[in-house]
Amino acid sequence: GPGDNSMAAASGAPISMEAGAEPEARTETGAESEARTETGEEPEPGPEGTASLQCGPGANTSLGIKTKRNRKQGLEPKSHLLQQNRQFLDFFWDIAKPEQNVRLRGIKGLLDYLKRPESQDDELRYTIKRLIDGLAATREIARPGFSLALAQLLQYNEDIPLQTVLEQIKMKHDVTRTKKQLIRNAAFGNLFGVLALSQSGRLLKEPNILLQSIQLLQQLSHFKQHLSNLPRKTIVDILSETPEAVFEEILFEAMKADLSSAFSNPEQLHLLLVVLQRFPKVLKPKTLKKLLGSTTIMTPENIPKLIEVLKLAAKAVKKDQILPPLALNLVDIVLKEGTFETFWKELVEDGLLKHQTGPSCYLCYRLLGATLPLLTLPQLNLVLTGEVMRHFGNHVLSAQLPDRFKFAPEMEKYIGSFLENVQDAEKQLAVITKFTCLINQGYPVIPSYWKVVRHLQPSVLLNYVSWLKSMFISPNLGACIEFNTKRQNESKKRAGLPRYAVMRLRMWIVARLSSIVDNNQVKKEEDLVMDIARFIFFHAFFEAEHQTPDIPETEATLSVPLDQSTRDAIANSFFGLLNHLNSLPPLGDSTESAGRSEKRMLGFTADGNLWIFCVVRYANALLSAKQSVRVVKPLTQGQREAWDRMLKSVEDLQKKSKKSQLLETSAFQLLFLLVGIHLFKNGDDSMMLLSDLHECLQKSLLKKRKKRSKPVTDEEEPEWVEVVVEILLSFLSQPSRLMRQVSKSVFVRICPHMTKAALQLILDVFKPESEGGEESAVIVTEELDGMNVDKQPPGDEMEGESDSDESEEEEGDDADDEEDDEDDDDEIGSEEEVGEEEAVDDDFRMELMKVLQTGHAISKEGVSSDEDEADDEAMMALDKNISALFAERRKRLQAKKDQTAKLRKEKALRTDFKMKVLDLIEVFLAKQPESPLVFDIIEPLIAIIEETLSSHSDQQAQDFLRKTADIFKNQLCKAKRYCRDISEMKEDLHKLMERLLSRACKQSDSTVSLYCFSGMLYLFRVLKGSPTEPAAASTAKEEDEQELSLQTVTGQVDSLGSLDIVRVTEIYKEALSLFMTKRNCSLTGPMFIDLFSRFPVMCCQLLQPAIKYITDGVRQHQQGQACSLVLKALQTREVRETWTDTEGEKIINQVINQIKQYLQSVTKIKLKVDQEKVMKCLELIAGLIKIVDQQKLNVSVSQLAPSLQKLGQLEEFGKASHVDDVYWHVMKRLGFKRPKKEKVEAQVQSPVAGEGVLKKKKKGFLPETKKRKNWKKNKGPAQENVQEGKENSLEKSETVPKAAEIGQEKKRNRRKRKRNRERLATGKPGPESGGLVKKAKTNAAEMGHGDKAGKRVTVKHEK
């Protein structure tokens, strides 16, 4: 039937073609041919000169090539197969492409092509041969494509016998008969062939082929240098799909040798473990006893062997940083055998871990993480309390140094995967608590903010929080896994180490509880969050005296009392927790929360209360329970009254907020709660702030009840918003992240109520020091910073953020004494260094001279009978005086150094404070862009940019400058919304524009001028208003008058709004005049281009002055910019619409006359500025031609043609290619054609000289300027004669050429005479030039300079 025919077609011909081939004869495969074709290599001829079959792109479509071998055997390829279209052959090229999509598309196309009903047997036979050849392609990326294609072909066409394909693979890629350089390719060909058979899904159906494939892979395993462990991996993959019966009947006998040598290498052991897992009934204990000598894997005799094999496996995957595959298989077998405890204790801890090598230790860590999901609860306790955990903790501490490999992130992935996939609550709690118990001197090694906590189930999270609180109350260090570093073991232990460890553990627990609240990915309820907040607040400021059920925190007594330093640290953590609560999104899915508005503000509970209000309510309950709870730092009578008054005000504000939700009410409520809770930390300061807030609230309420006819002036009493702004500025001066965030939140709420005086309080911060700016707040910040030495910019109270720093700090506490001594030495050395670097002043020199003279006088006066004794006393006194003098000088230098450091620190604090206040400016511009107060911000921001640019600033100041410039440019000048009602302030805005222009012109840096000009454009936009905006009634008459007075604006469609066009025109005319007439003006041309682009109304006003400056500009640059401005104005549609034909012709004639005047004045184009001016002028001419053609004006631009022709004849004109291109573009529009450039092959005027100069240059010739002037002075006159080209250079020369040089000179002369005769035959050169050349070259030869000097003389004589 058809199946038999196709089988014969698929198997017969290819085998017969290869049957008669000699072992050494190996034709080039299709893939090799493709590789050579793509790389440009020529195909190598076969051993008998046979031509290889080209089947790729570029090959001849008539592929009927008869090789010698085929002719001998009488096997001629069928012509109809080789004459197919390119579609069939291109499939094989696509299969070999590096792109995966292309390969898959080629495989699919090939299979679809072969599935056609009209497909022929020859095509199938050729496909099989071509795919088998490609398995050993030289390009590694092509081999998987051919293997997959062969697998798919065998899968869909089951009529193709696997035996035939396997035999072809063995024969084609026989590693025993392949050349040495091709053994690697042949080995891969066999490997990918077996993979194709396996992927076809038919290998298990034919056990005989399966056995042959396994045997072939066993043979390939000997080529480990080429294939690594790929054959063994392939065997494992095949066995994972093999049925147990097939393995027992067919494969077991063939694999006995491999299984019996399981402990020889990791691959063999992995094979044994896979067989044990897959076929436990085959490898029974008796069978295993025969193979290994033991009935189980984990035996005392096998443990040393397993250790060595695992060490080899760990080294093999060192670069990959993965767990060896056999490790998990071994764990699975050990768990089945019930010997896991022996495995972990003896093999892992006592075996691998004791070797202390990197790969072995990391193998133990990976085993620890990877086996967690496989273990029971007792086994988890065994693993998580052993030596591997201690060793891992030691690694975490030592890996904190730079350039160390850190395994902690990988362990975190293992634990996260375990917590995410294992739903057993007991196992989750065991793992998370055991890793928490891994401590070093009381401090856990895992970070307090751990991402894996988000995978905990809600019930496990509750139990974990309860466990943390119990460990805080009664720290059980004995239940923890404690370890010490080598340095800690070597150093002497301190007496108070247990108490110190308890303190560190408690601080970490508080940070971990805060991180649970901070992490929004942790699934938690509001009750848990409030429980954590209550716990931290209670232990920060209170202590229990009696137990009461109303306060759960009093039911447990601290086993170790808290000291004051720990309480202060917990208080800082509490305020960090308040910061998280203030930005906490709504929790839970309660119906009450769903019923409220979808847009919820952060920091609120489900019932609509602030989180901070809940904490304050709990604090009030604690203050009321005087019998059960005591405040650690009791509140005074005034502080308690302030607390009660604050609560009363908050209750009143809450009642009002229910009736009408106002931002002002919520702002006061937040401020009262924040300042009130700070009574427990800073009582006196908080009392003053609360009294100010009460006054502000009363003024705000009074202002609403009755409107005053006369506003309160600043001299009488400030507005409430001003007091609030001062309070916010004081908050920003404190090193508190919570204060900064609350300040920003409150300021957002009071932005609508801002006054000019309140805004001025903010702007005063940015005034320079000479103007008496707001520097008091910065001083306060410095004092607070002095008290809080560990101030950090991101978050000051967040203990969790400084956990790692604290752990690193505490790790080195044992060696503090030695380090202190070294620090003292370093300080002394640094002081001496400073003393050496400082210049010795005259006063110190005089004092030193006095001391020395005094010592000398004492030695003279103190003469006694014993002179030696007197000399010793004098020297001792002199040494004492000198040491006192140098000590005093050192103190002065250190005081000077301290003062410099203090000033530097104050400057940094001021800049930091200004950056915080700048956030308020950004908030105001974002929330109130339509406020008239925005105009008061323009000049202060420009002053900041100007001041920072003019000073030598550090990185912090550069960041401040960058932030200020970004706010001014993006938030202010590019704001989509702006103030609309400006009828009462238009005069002030016009004056502000004038001030900005004056400021821009005074700048030495154009960058500041650009910001000033941007501010002017913003004011222009505000004054002009929106085109769709109706004009104000009060300005309608003024606009009519302006339109009547200005003829150029009569055609404008846009409304000018409140813009005084005459006044603004004068402002910009003055700016344009300064730019065009002043040499060092900071204004630039792009500024005016931007003005013309954004506001076309100014084009009409400034067009005439710009035309004048085409020739009247102070420099070429300004004249070129004037051309650009005129071109931009003429191209503007609004300008052309205002023209009548007569006006347009008049303006264009003016421009043409200015251009003509300039072109007539051009005499040379040498400098870059000249080229720039010519370029701009030519662009303007091109624009004029286009406008005249479009408008059909009666203007002749061709009158510029004579001037342009004169310009093109200048000597330097054609050197700049871009100018030349634009020039001929203009000339083409005027009717002139660009001449074609003639190719110059040689110098036509002097061919002999040119030939002498261009040809036969000697290598290594030095020009005369590079030669040594004093070398052989007697040759100097002769050399000068040659360089000047004088004919009397044939004077007496002292140098005589050598015989070899004379012979070479004769040869050169003969060649030159021959060339001269050829040139004379053409009639080009004259006889005199030839004589001169010959004479000059002869002179040069006689002087020993060779042909080069002669060539130079020739050029000079020809000239």
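Residues numbered from 1 in each chain as written. Predicted model: local features only at pLDDT ≥ 70, side-chain atom pairs only at ≥ 80, totals over all residues. Heavy atoms only, no water.

## So, the overall build of the protein chain
When its secondary structure is counted, the protein chain shows 62 helices and 5 strands. Relative to all contacts within the protein chain whose residues are 6 or more apart in sequence, the contacts with residues 24 or more apart total 75%. Carbon and sulfur atoms make up 50% of the accessible area of the protein chain, which amounts to about 70700 Å² in all. (Helix = DSSP H or I, 4+ residues; strand = E, 2+ residues; numbered from the N terminus. Contact = heavy atoms within 4.5 Å. Areas by Shrake-Rupley, 256 points an atom, 1.4 Å probe, with all protein chains shown as cover.)

## A look at the sheet that holds strand 1 (residues 438–440)
Pairing between sheet strands relies on hydrogen bonds along the backbone, with the strands arranged either parallel or antiparallel. With mixed pairing, 3 strands are arranged side by side in an open sheet as 2-1-3. Looking at which strands have only one partner, the edges of the open sheet turn out to be strand 2 (443–444) and strand 3 (481–482). Two elements, strand 1 and strand 2, share 2 bridges in a ladder whose sense is antiparallel. Following the sheet pairing, Asn440 is matched in strand 2 by Tyr443. (Pairing = 2+ DSSP bridges.)

## A few points about the pattern of salt bridges
As enumerated under the stated definition, the model contains 34 salt bridges in all. With its nearest N and O atoms 3.3 Å apart, the salt bridge here joins Asp652 to Lys648. Here Asp652 and its partner Lys648 are both found in helix 33 (residues 637–659), 4 residues apart, which amounts to about one turn of the helix. Classification of Asp652 as partly exposed rests on a relative accessible area of 30%. (Salt bridge = Lys/Arg side-chain N within 4 Å of Asp/Glu carboxyl O. Buried < 20%, exposed > 50% of the residue type's maximum accessible area, 1.4 Å probe, protein only.)

## A closer look at the packing of aromatic side chains
Counting across every chain of the model gives 40 aromatic pairs. Taking the centre distance of 5.8 Å and the plane angle of 70° together, the rings of Tyr365 and Phe392 count as edge-to-face. Separated by 27 residues along the polypeptide, Tyr365 in helix 21 (residues 358–370) and Phe392 in helix 23 (residues 387–398) bring together distant segments of the chain. Its relative accessible area of 1% is what places Tyr365 among the buried residues. The interplanar angle of 55° and the centroid separation of 5.7 Å between the aromatic rings of Phe537 and Phe542 together place this pair among those described as tilted. Judged by its relative accessible area of 0%, Phe537 is buried. By way of ring pairs, the aromatic residues Phe537, Phe538, Phe541, Phe542, Phe574, Phe575, Tyr618, Trp643 and Phe680 are connected into one cluster. Over the ring of Tyr156 we find Lys115, and its NZ or CZ is 5.1 Å from the ring centre. (Phe/Tyr/Trp six-rings, centres within 6.5 Å; stacked < 30°, edge-to-face > 60°. Lys NZ or Arg CZ within 6 Å of the ring centre and 35° of its normal.)

## Quick word on the packing of helix 50 (residues 1085–1094) against helix 52 (residues 1116–1131)
Where helix 50 meets helix 52, the closest approach of the two axes is 10 Å, and the angle between their N-to-C directions is 10°. Between helix 50 and helix 52, the angle is such that the two are roughly parallel. Seen from helix 50, the contacting residues are Gly1085, Pro1086, Phe1088, Ile1089, Phe1092 and Ser1093; seen from helix 52, they are Gln1121, Ser1124, Leu1125, Lys1128 and Ala1129. Of the residues in the contact of helix 50 with helix 52, the class split is 6 nonpolar, 4 polar and 1 charged. (Axes fitted to C-alpha atoms, helices over the stretch in contact; angles between N-to-C directions. Parallel < 35°, antiparallel > 145°, perpendicular 65-115°, else oblique. Nonpolar A, V, L, I, M, F, W, Y, C, P; charged D, E, K, R; others polar.)

## Examining the state of the cysteines
Summed over the entire model, instances satisfying the criterion amount to 0 disulfides. In this structure Cys1001 is not part of a disulfide, and its nearest cysteine sulfur, from Cys1081, lies 5.2 Å away. In this model Cys1100 remains outside any disulfide bridge; the closest cysteine sulfur is found in Cys1099, 6.7 Å from its own. (Disulfide = S-S within 2.5 Å.)

## Section: the confidence of the model for the protein chain
Predicted confidence across the protein chain gives a mean pLDDT of 74, with 73% of residues reaching 70 or more. Ranking the helices and strands of the protein chain by mean pLDDT puts helix 26 (residues 458–473) first, with 93, and helix 1 (residues 2–19) last, with 31. Contacts of residues 780–838 to residues separated by more than four positions or lying in other chains number 84 contacts, the stretch itself having pLDDT below 50. (pLDDT = per-residue confidence, 0-100.)

## Description of the nonpolar core
Core analysis: the largest hydrophobic core is formed by 360 residues, its most contacted members being Phe343, Tyr1068, Ile1181 and Leu1204. Residues within four places of Tyr1068 in sequence aside, it is in contact with Met993, Phe1013, Met1016, Leu1017, Phe1020, Phe1088, Leu1091, Met1098 and Leu1102. (Core = buried A, V, L, I, M, F, W, Y, C linked by side-chain atoms within 4.5 Å.)

## Things to note about helix 14 (residues 244–254)
If you check which residues of helix 14 are buried, you get Val246, Phe247, Leu251 and Phe252. Down the axis of helix 14, the sector holding all buried residues measures 150°, keeping them to one side. Those residues of helix 14 that are exposed and angled more than 90 degrees off the buried face are Glu249 and Glu253. On its buried face, helix 14 is in contact with helix 11 (207–220), helix 13 (230–239), helix 15 (256–260), helix 16 (266–278) and helix 17 (285–292). (Arc of directions from axis to C-beta.)

## Section: unusual backbone geometry
Positioned with a positive phi, Gln321 is a non-glycine residue whose angle comes to about 55°. One can find Gln321 in the loop between helix 18 (302–316) and helix 19 (325–337). Positive phi values are uncommon outside glycine, yet Gln441 reaches one of about 55°. Relative to the helices and strands, Gln441 resides in the loop between strand 1 and strand 2.

## Overview of the packing of helix 20 (residues 340–352) against helix 22 (residues 377–384)
Between helix 20 and helix 22, the shortest axis-to-axis distance is 11 Å and the interhelical angle comes to 5°. Taken as axis vectors, helix 20 and helix 22 run roughly parallel relative to one another. Contacts between helix 20 and helix 22 involve Phe340, Glu341, Trp344 and Lys345 on the former and, on the latter, Gln379, Leu382 and Val383. Residue composition of the contact of helix 20 with helix 22, by class: 4 nonpolar, 1 polar and 2 charged.

## Considering the side chain of Thr436
Following the sequence through the fold, Thr436 ends up in helix 25 (residues 425–436). Taking relative accessible area as the criterion, Thr436 reaches 3% and is therefore assigned buried. Ignoring any residue separated from it by four or fewer positions in sequence, one finds Thr436 in contact with Pro444, Ile446, Tyr464, Trp467, Leu468, Trp508 and Arg512.

## Here's the deal with helix 44 (residues 935–950)
Taking 1.5 Å per residue, 16 residues should reach 22 Å; helix 44 reaches 24 Å between its end C-alpha atoms and fits that length. Buried within helix 44 we find Phe935, Ile937, Ile938, Leu941, Ile942, Ile944, Ile945 and Thr948. One side of helix 44 carries all its buried residues, which in axial view fall inside an arc of 155°. (Expected span 1.5 Å × (residues − 1).)

## Some points on the environment of Glu922
In this fold, Glu922 is placed in helix 43 (residues 867–927). You can call Glu922 partly exposed: its relative accessible area is 27%. Linking Glu922 and Leu972, residues 50 residues apart in sequence, is a C-alpha distance of 9.0 Å.

## Observations regarding a positive patch on the surface
There is a patch of like positive charges on the surface, built from Lys1306, Lys1307, Arg1310, Arg1311 and Arg1313. By secondary structure assignment, the location of Arg1310 is in helix 60 (residues 1299–1322). Among the residues examined, Arg1310 registers a relative accessible area of 47% and is labelled partly exposed. (Patch = residues over 30% accessible without salt bridge, like charges linked within 9 Å, V, L, I, M, F, W, Y side chains within 5 Å. Lys, Arg positive; Asp, Glu negative; His and termini not counted. Charge placed at Lys NZ, Arg CZ, Asp CG, Glu CD.)

## Some words on the side chain of His395
Examined against the element boundaries, His395 turns out to sit in helix 23. The exposure class assigned to His395 is buried, which follows from its relative accessible area of 9%. At 3.1 Å, the side chain of His395 and the backbone nitrogen of Phe407 are in polar contact. Residue contacts for His395: discarding those within four places in its chain leaves Tyr362, Tyr365, Phe405, Lys406 and Phe407. (Polar contact = N/O pair within 3.5 Å; in protein donor to acceptor, adjacent residues only side chain to side chain.)

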